[in-house]
2 protein chains.
Amino acid sequence: MKTALSALARRTAEPPISWLMATKLAHPKLISLAAGFTDNPSLPVRETRDSINDLLRSPVTGQATLQYGTTAGELKLREWTAAHLQKLDGISAPKIYSADRVLITHGSQQMLYMTTEALCDAGDIVIVEDPTYFVYLGIVQSHGLCARGVRMTADGLDLAHLEQVLESLKRRGELPRLKLLYLVTYYQNPTGITTSYAKKVAALKLLKKYERAAGHPIYLLEDAAYRELNFGNVAAVYDRRGGEQEVRRSQTAATGEKTALAARGFADRVIYAGTYSKPFATGLRVGFGILPEPVLTAVTRIKGNHDFGTANLLQQTLLRAITTGRYEKHLGKLRQCYAAKAAGMRAALQKNFPPQVQWAEATGGLYFWARLPRGVKTGVKSKVFKAALAAEVLYVPGVMCYADDAARRKPDHEMRLSYGNASEADIGEGIKRLGKVLKKFV
Amino acid sequence: MKTALSALARRTAEPPISWLMATKLAHPKLISLAAGFTDNPSLPVRETRDSINDLLRSPVTGQATLQYGTTAGELKLREWTAAHLQKLDGISAPKIYSADRVLITHGSQQMLYMTTEALCDAGDIVIVEDPTYFVYLGIVQSHGLCARGVRMTADGLDLAHLEQVLESLKRRGELPRLKLLYLVTYYQNPTGITTSYAKKVAALKLLKKYERAAGHPIYLLEDAAYRELNFGNVAAVYDRRGGEQEVRRSQTAATGEKTALAARGFADRVIYAGTYSKPFATGLRVGFGILPEPVLTAVTRIKGNHDFGTANLLQQTLLRAITTGRYEKHLGKLRQCYAAKAAGMRAALQKNFPPQVQWAEATGGLYFWARLPRGVKTGVKSKVFKAALAAEVLYVPGVMCYADDAARRKPDHEMRLSYGNASEADIGEGIKRLGKVLKKFV
């Protein structure tokens, strides 16, 4: 008898994350620099407790918190989200940064899923960064999409390569199947690279240029999950052992580059995905999107079928943390915390990694991206990976972060190293073990 | 320029729920007997607050609560779920009622969505009850599935009609496209009917009989969302003004019919969907599924792409409410509350509705289902609906609860009346207004 599974189910592969977790379970002493988990000790236990007690102390707000909400999400949270992003981008465009265009989701992952579901049929094409967020590649694979990878430079996408890819799609008559360009624009997972605003605008212009041949809009899906976890300034302060005042100043400083939403004349082509989970508490899972029509209506309807709205307890807790200032204050601490952990990893890398291994400075986010000499493989079947596992240290092999793209071979000499969840001691020890392994093979 | 939307997005219609909510917003004085919202005053504000404070008072459990969890969900909650269902079904089959087969989701709606996604391609067929849960019909429509409706009798599916439908599918060679039978088995939304265990077993046997011609397994998707909201006994107690002791006894009584999981030799064909939102707090959105292979693996992978796990705060809060006994105690109160509201609606219907209108006694769940004489239409464009709206009372037109099925015309002379969210006073007044309207047209 055959299986009754759908084409989607038959395509959907075991996600790398399950394998990483199983590996960790099988090796309890393992130091994992692989997990995308966040820092434990800094989780806002007290802030969450206080926010929830505020809500659940009164029957009125208590009942509102524990009842169903609307599919789009709590209006006040949508209003704050729109206003906050407008402020961060430093412009006034209330029609673009509008609560009406905001949808609250169960983490930004759900936004990525539903957006892809709303735009892409099996066989359609998406362009992604080389490398990119591997859980998004799971969505791509599951939906039977073809991915084309575009190389990156220090400030984001290699525009010449993007144009080359678009040209080749045009030449082959494949543009009608191209639906979106997916970019992780701040402290990218996995490379840590931040895309400059100029590049976002240039990418939007390029996409527009090819729309006639495509016969339909080509969207930019901007994943800004790590936007708030910047610590450029905080890191500097940290190095100088700066006082709390200076840290607070850095919190209110601009969080880097503008989003693509700010690009004049392109708002109807930009889908923005953000999250409150990583900057506050990952156990809360509240993400959001800002979407143009007709994608907004489509995704909202799809959300109605998925779960008809994000759990109100999560939304109300977040909103309360925001309106009381607890969110912003906690974020300041979190930036300090990750800046310190990143500094720890940097120092350990400098001390323990052989000089042939390159890596970029992390100025935000949760990851370092290390490049070994081209000949030295890092995949799960490589000598390096096996030796690392034997030494009880785990990393994400770089190859996992590359889409299947027949136009190029997947690089297999890189690794993603996370300082998110591991303690400072484990970061030091983990990098030391990894350094020993690398010195054998590099 | 064409749209870039996917086939799924182009198919996905505005859900009736959005329209109902918009109508309520446009008529602020409206008494809505349409909403599927739950009772506000009985929401467990204190129980939730205490459970969360238990968790967030200690940094250890606090951090665990606010960190990511696994894709399948909290192990202890899965263990309790499996053991609890086994107890309710009164049998010992630990391999079937096993935590390994349980998946925690963002409400049972997400389980329904992912299961359908995992089994059905566009053009596939599902069999549903006539009438059925209209939000499930949204999933069916969005995925481009064909639905076949099967009539119901007082104890569930009309088995002769089910066989007739299966035969006709076989005759037309359409069985290879049939993937599942969807049943809402306890206090069905919208009719209030509970399916007898004998009928579940008989339905499973029938499905099995046609599997050879189908060439693949045909699953029974059992949606038991209202299972815990039974008040057969409680209602009796309520009518006799019984003391707390008797109420407590009724809480521990068997919650009615066994689930299809108990059917010997059919466990690999049963997908069970349940929820903790409706029996506790709808703002928490924690549902679950028990699934056989290969559906379990497929749905878990799909969940990985949707959101890689249900928010830990929701799961831990629920688990804490369960282990402290708060959940069970609250459920007892909730049964009393809904039993009282159902009794109020019954009394109002007896007093105000014309005798030509029939309805069944509610013994659980949230709904009465009223049948007008066949000639009197109740759809949104009907005179009855318009007159009801003019009288500021809203119901769900029965026609919305019927799948698109070319084999029969959709009945259009029924209405779903909910006592879930409206206050007892509003239930009385709402039914009075509706009775006046009906007397004009019946």
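What counts, and where the lines are drawn
Residues numbered from 1 in each chain as written. Chains lettered and ligands numbered in written order. Predicted model: local features only at pLDDT ≥ 70, side-chain atom pairs only at ≥ 80, totals over all residues. Heavy atoms only, no water. Least-squares fit on C-alpha atoms with pLDDT ≥ 70 in both. Contact = heavy atoms within 4.5 Å. Salt bridge = Lys/Arg side-chain N within 4 Å of Asp/Glu carboxyl O. Helix = DSSP H or I, 4+ residues; strand = E, 2+ residues; numbered from the N terminus. Buried < 20%, exposed > 50% of the residue type's maximum accessible area, 1.4 Å probe, protein only. Pairing = 2+ DSSP bridges. Patch = residues over 30% accessible without salt bridge, like charges linked within 9 Å, V, L, I, M, F, W, Y side chains within 5 Å. Areas by Shrake-Rupley, 256 points an atom, 1.4 Å probe, with all protein chains shown as cover. Lys, Arg positive; Asp, Glu negative; His and termini not counted. Charge placed at Lys NZ, Arg CZ, Asp CG, Glu CD. Disulfide = S-S within 2.5 Å. Axes fitted to C-alpha atoms, helices over the stretch in contact; angles between N-to-C directions. Left-handed = near helix turned anticlockwise from the far one by under 90°. Parallel < 35°, antiparallel > 145°, perpendicular 65-115°, else oblique. Nonpolar A, V, L, I, M, F, W, Y, C, P; charged D, E, K, R; others polar. Buried area = accessible area lost by both parts, 1.4 Å probe. Polar contact = N/O pair within 3.5 Å; in protein donor to acceptor, adjacent residues only side chain to side chain. Domains from an automatic or database assignment. Core = buried A, V, L, I, M, F, W, Y, C linked by side-chain atoms within 4.5 Å. Expected span 1.5 Å × (residues − 1).

A short note on the relation of the copies chain B and chain A
Here's step 1: The two copies are related by a screw operation: chain B maps onto chain A through 180 degrees of rotation and 0.0 Å of translation along the axis, at an RMSD of 0.0 Å. Both copies of the chain, as the preceding transformation shows, are related through a two-fold rotation axis.
Here's step 2: Both copies share a contact surface, since 100% of the interface residues of chain B are interface residues in chain A too.

Describing the pattern of salt bridges
All names here are of chain A.
Here's step 1: A full pass over the atoms with the stated rule returns 44 salt bridges over all chains.
Here's step 2: A salt bridge links arginine 320 to aspartate 54, with the nearest nitrogen and oxygen atoms 3.2 Å apart. Here aspartate 54 lies in helix H3 (residues 45-56) and arginine 320 lies in helix H14 (residues 312-323), a separation of 266 residues in the sequence.
Here's step 3: Arginine 320 sits in the partly exposed class, given a relative accessible area of 32%.
Here's step 4: The residue glutamate 174 makes a salt bridge to arginine 177 at a minimum N-O spacing of 3.9 Å.
Here's step 5: Judged by its relative accessible area of 18%, glutamate 174 falls in the buried class.

Considerations on the sheet that holds strand E13 (residues 396-397) of chain B
Residue and element names in this part refer to chain B.
Here's step 1: Reading across the sheet, the four strands line up as E10-E11-E14-E13 and stay open at both edges, with antiparallel pairing between neighbours. Of all the strands in the sheet, just strand E10 (358-359) and E13 have a single pairing partner and so form its edges.
Here's step 2: One ladder, built from five bridges, connects strand E11 (residues 367-371) with strand E14 (residues 414-418); its direction is antiparallel. If you follow tyrosine 367 over to E14, its bridge partner there is serine 418.

Regarding the sheet that holds strand E6 (residues 178-184) of chain A
Residues and elements named next belong to chain A.
Here's step 1: Read across the sheet, eight strands follow the order E2-E9-E8-E7-E6-E3-E4-E5 without closing on themselves; strand pairing throughout is mixed. Of all the strands in the sheet, the pair left with one neighbour each is strand E2 (102-105) and strand E5 (156-157).
Here's step 2: Pairing analysis gives six bridges linking strand E3 (residues 125-130) to strand E4 (residues 146-153), with the strands arranged parallel. Its bridge partner being in E4, aspartate 130 is matched across the sheet by arginine 151.

A few points about a positive patch on the surface
Residue and element names in this part refer to chain A.
Here's step 1: Residues Lys351, Lys432, Lys436 and Lys440 make up a contiguous surface patch of positive charge.
Here's step 2: When you line up the elements, lysine 440 lands in helix H17 (residues 424-441).
Here's step 3: The exposure class assigned to lysine 440 is exposed, which follows from its relative accessible area of 66%.

Some points on the pairing of strand E7 (residues 219-223) of chain B
Residues and elements named next belong to chain B.
Here's step 1: In terms of burial, E7 is a largely internal element, five of the five residues being buried.
Here's step 2: Here strand E6 (residues 178-184) pairs with E7 via five bridges, running parallel. Counterpart to leucine 181 in the pairing with E7 is leucine 220.
Here's step 3: Note that E7 and strand E8 (residues 270-275) share four bridges and pair parallel. Bridge pairing in E8 places leucine 221 opposite isoleucine 271.

Remarks on the state of the cysteines
Here's step 1: By the definition in use, this model includes zero disulfides over all chains.
Here's step 2: Left without a disulfide partner, A:Cys146 is nearest to the cysteine sulfur of A:Cys120, which lies 10 Å away.

Some words on the pairing of strand E11 (residues 367-371) of chain A
Residue and element names in this part refer to chain A.
Here's step 1: Counting buried residues in E11 gives four out of five residues, a clear majority hidden from the surface.
Here's step 2: In terms of strand pairing, strand E10 (residues 358-359) meets E11 through two bridges, oriented antiparallel. Counterpart to glutamine 358 in the pairing with E11 is arginine 371.

Some details on the packing of helix H16 (residues 383-390) of chain A against H17(A)
All names here are of chain A.
Here's step 1: Direction vectors running N to C along H16 and H17 enclose 145 degrees, while the axes themselves pass 9 Å from each other. Note that H16 runs across H17; the crossing there is right-handed. Contacts between H16 and H17 involve Lys383, Val384, Ala387 and Ala388 on the former and, on the latter, Leu434, Val437, Leu438 and Phe441.

So, the packing of H3(A) against helix H3 (residues 45-56) of chain B
Here's step 1: Between H3(A) and H3(B), the shortest axis-to-axis distance is 10 Å and the interhelical angle comes to 170 degrees. Classified by the angle between their axes, H3(A) and H3(B) sit roughly antiparallel to one another. Considering the relative orientation of H3(A) and H3(B), their crossing is left-handed. Along its contact with H3(A), which presents A:Val45, A:Thr48, A:Arg49, A:Ile52, A:Asn53 and A:Leu56, the element H3(B) presents B:Val45, B:Thr48, B:Arg49, B:Ile52, B:Asn53 and B:Leu56.
Here's step 2: Partitioning the contact of H3(A) with H3(B) into residue classes produces six nonpolar, four polar and two charged.

Topic: the interface of chain B and chain A
Here's step 1: Opposite the 82 residues of chain B that make contact, chain A presents 82 residues.
Here's step 2: Regarding the contact of chain B and chain A, the summed buried area is about 6800 Å², with carbon and sulfur atoms giving 62% of it.
Here's step 3: It is B:Leu66, B:Tyr68 and B:Asn305 that lose the most area in chain B upon contact with chain A, and together they represent 12% of the buried surface on that side.
Here's step 4: Note that A:Arg301 is salt-bridged to B:Glu14, the shortest N-O span being 3.3 Å.
Here's step 5: For the interface between chain B and chain A, the tally reads 48 residue pairs in polar contact (both at pLDDT 80 or more).
Here's step 6: Of all the secondary structure elements, the ones that give two or more residues to the side of chain B that touches chain A are helix H1 (7-11), H3, helix H4 (59-66), helix H6 (107-119), helix H7 (134-142), helix H13 (295-306) and helix H14 (312-323) of chain B.
Here's step 7: A per-element tally of the side of chain B that touches chain A places H13(B) first, with seven residues.

Some details on the domain arrangement of chain A
All names here are of chain A.
Here's step 1: Considered domain by domain, chain A is made up of domain 1 (7-44 + 337-441) and domain 2 (49-329).
Here's step 2: For domain 1 versus domain 2, the distance between C-alpha centres works out to 25 Å.
Here's step 3: Contacts between the two partners involve 35 residues from domain 1 and, on the opposite side, 31 residues from domain 2.
Here's step 4: Buried surface at the junction of domain 1 and domain 2, summed over both partners, amounts to about 2800 Å²; 63% is from carbon and sulfur atoms.
Here's step 5: At the boundary of domain 1 with domain 2, the tally comes to two salt bridges.
Here's step 6: Among the salt bridges present, the one from aspartate 405 reaches arginine 148, with a minimum N-O distance of 3.3 Å.
Here's step 7: Applying the counting rule to domain 1 against domain 2 returns 13 residue pairs in polar contact (both at pLDDT 80 or more).
Here's step 8: Going through the elements one at a time, helix H1 (7-11), helix H2 (16-26), helix H15 (326-352) and E11 are the ones with two or more residues in the side of domain 1 that touches domain 2.
Here's step 9: By residue number, the principal contributor to the side of domain 1 that touches domain 2 is H15, which donates five residues.

Some words on the environment of A:Glu424
Here's step 1: Relative to the assigned elements, A:Glu424 resides in helix H17.
Here's step 2: Aside from chain neighbours lying at most four places away, what touches A:Glu424 is A:Ala340 and A:Lys341.

Points about the nonpolar core
Nonpolar side chains tend to gather and get buried jointly when the protein is soluble and globular.
Here's step 1: Formed by 296 residues in total, the largest nonpolar core has its most connected members in A:Tyr136, A:Leu417, B:Tyr136 and B:Leu417.
Here's step 2: Not counting chain neighbours up to four residues away, the residues in contact with B:Leu417 comprise B:Leu33, B:Met345, B:Leu349, B:Phe353, B:Leu366, B:Tyr367, B:Phe368, B:Ala370, B:Tyr395, B:Ile431 and B:Leu434.

Concerning helix H9 (residues 197-209) of chain B
Here's step 1: Its 13 residues give H9(B) an end-to-end C-alpha distance of 19 Å, which sits within 8% of 18 Å, the value for a rise of 1.5 Å per residue.
Here's step 2: Turning to H9(B), its buried residues are B:Tyr197, B:Lys199, B:Lys200, B:Val201, B:Ala203, B:Leu204, B:Leu206 and B:Leu207.

A short note on H13(B)
Residues and elements named next belong to chain B.
Here's step 1: Here H13 is 12 residues long and its end C-alpha atoms lie 16 Å apart, about the 16 Å a rise of 1.5 Å per residue gives.
Here's step 2: With nine of its 12 residues buried, H13 lies for the most part within the structure.
Here's step 3: Just past H13, the residue phenylalanine 308 takes up positive phi, approximately 40 degrees.

A closer look at the environment of A:Val299
All names here are of chain A.
Here's step 1: When you line up the elements, valine 299 lands in helix H13 (residues 295-306).
Here's step 2: Of the residues examined, valine 299 reaches a relative accessible area of 0% and is grouped as buried.
Here's step 3: For valine 299 and glycine 289, which are 10 residues apart along the polypeptide, the C-alpha to C-alpha distance reads 9.8 Å.
Here's step 4: Filtering out sequence-adjacent residues up to four positions away, valine 299 remains in contact with Leu103, Met114, Thr115, Ala118 and Leu291.

Some details on the environment of A:Lys95
Residue and element names in this part refer to chain A.
Here's step 1: With respect to the secondary-structure elements, lysine 95 resides in the loop between helix H5 (75-89) and E2.
Here's step 2: The class of lysine 95 is exposed, set by a relative accessible area of 75%.
Here's step 3: In this structure, the C-alpha to C-alpha distance between lysine 95 and methionine 152, residues 57 residues apart in sequence, is 32 Å.

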